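Chain by chain, the residues:
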Amino acid sequence: MSSDIAKRNAAEAALALVQPDMILGLGTGSTAAIFVTLLGERVKAGLKIICTPTSEATDRLARSLGVRIVSPDELSSIDLTIDGADEFDPALNLIKGGGAALLREKIIAEASDRMVVITDASKEVATLGKFPLPVEVNPFASELTRRRIHLRLEAAGLATASSSWRMATRESLLHTDGGHLILDISCGAIPDPARLAALLDDVPGVVEHGLFIGYASEVLVGEADGVRRVLPAG
Ligand code: 5RP
């Protein structure tokens, strides 16, 4: 099955949740981009909606399609955010940040009444951690921060974790929309994502991390011939 078809099916199902006059958060990544493109078609057909983006890339795409974009600073809350994910577990804990937009994605998700995740089935895991965990780090003292992060990883039982700075090119580090670095951490299975999230939150140079605990209301998993709706287990 083409993952493009699966992603499109998930994006179409998410589009059905959009009501006129909603305030909508727009995620980042290839699946979110399909959603934004479909939304643009609905806007051209007359749908009135206000959107706020989670990255410069999504901002540019949405504006190019005629979608009305406002700054999050003009909003107090957001009705619905549609975003992708790199992994989700049965409790709908997520790893996000494969597209380096995790900080803005988490700010928008936290302010949203509902966050609906759109993915294909390859993102579904029993335990988070196969996908390297992205951590957004302030460039100041970044190597010191990296060592402080590894101490927390040890405390979380992840002593063998390794990490690397994400590169934009072979020679230059990637900088996020906010000017920060991304440390990708190969953790292996993360036994207690909430505990690891709390440990990482405690490191001053960590701007944000890609563990989204308790944000997703549901996941729409695109399949070859439709969509499977996943709600949090338990
Ligand atoms: C960006 C993200 C993306 O939502 C995540 O990487 C999924 O992307 P895609 O839909 O391309 O697989 O977290 O920071």
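Caption draft 1: Molecular detail of the sheet that holds strand 2 (residues 50–53). Read across the sheet, six strands follow the order 2-1-3-6-12-13 without closing on themselves; strand pairing throughout is mixed. Two strands close off the open sheet at either side, each with one partner strand: strand 2 and strand 13 (226–230). Ignoring strand direction, the axes of neighbouring strands in this sheet form an average angle of 25°. Note that strand 1 (residues 23–26) and strand 2 share four bridges and pair parallel. Counted as the bridge partner of Leu26 is Pro53 from strand 2. The sheet contacts of helix 4 (residues 102–110) involve strand 1, strand 2, strand 3 (78–83) and strand 6 (112–120), and relative to strand 6 the element is tilted by about 130°.

Caption draft 2: Geometry of the domain arrangement of the chain. Taken domain by domain, the chain holds domain 1 (2–124 + 214–224) and domain 2 (133–209). Across the boundary between the two partners, domain 1 contributes 14 residues, which contact 15 residues of domain 2. Taking both partners together, domain 1 and domain 2 bury about 1,000 Å²; carbon and sulfur atoms supply 62% of that area. Of all residues in domain 1, the largest losses of buried area upon contact with domain 2 belong to Ala100, Leu102 and Leu103, amounting jointly to 46% of the total for that side.

Caption draft 3: Spotlight on the packing of helix 2 (residues 30–44) against helix 3 (residues 56–64). At a minimum axis distance of 9 Å, the contact between helix 2 and helix 3 shows a crossing angle of 20°. Classed by the angle they form, the pair helix 2 and helix 3 counts as roughly parallel. For the element pair helix 2 and helix 3, the recorded crossing hand is right-handed. Across the interface between the two elements, Ala33, Val36 and Thr37 from helix 2 touch Thr58, Leu61 and Ala62 from helix 3.

Definitions and limits used
- Residues numbered from 1 in each chain as written.
- Predicted model: local features only at pLDDT ≥ 70, side-chain atom pairs only at ≥ 80, totals over all residues.
- Heavy atoms only, no water.
- Pairing = 2+ DSSP bridges.
- Helix = DSSP H or I, 4+ residues; strand = E, 2+ residues; numbered from the N terminus.
- Axes fitted to C-alpha atoms, helices over the stretch in contact; angles between N-to-C directions.
- Contact = heavy atoms within 4.5 Å.
- Domains from an automatic or database assignment.
- Buried area = accessible area lost by both parts, 1.4 Å probe.
- Parallel < 35°, antiparallel > 145°, perpendicular 65-115°, else oblique.
- Left-handed = near helix turned anticlockwise from the far one by under 90°.

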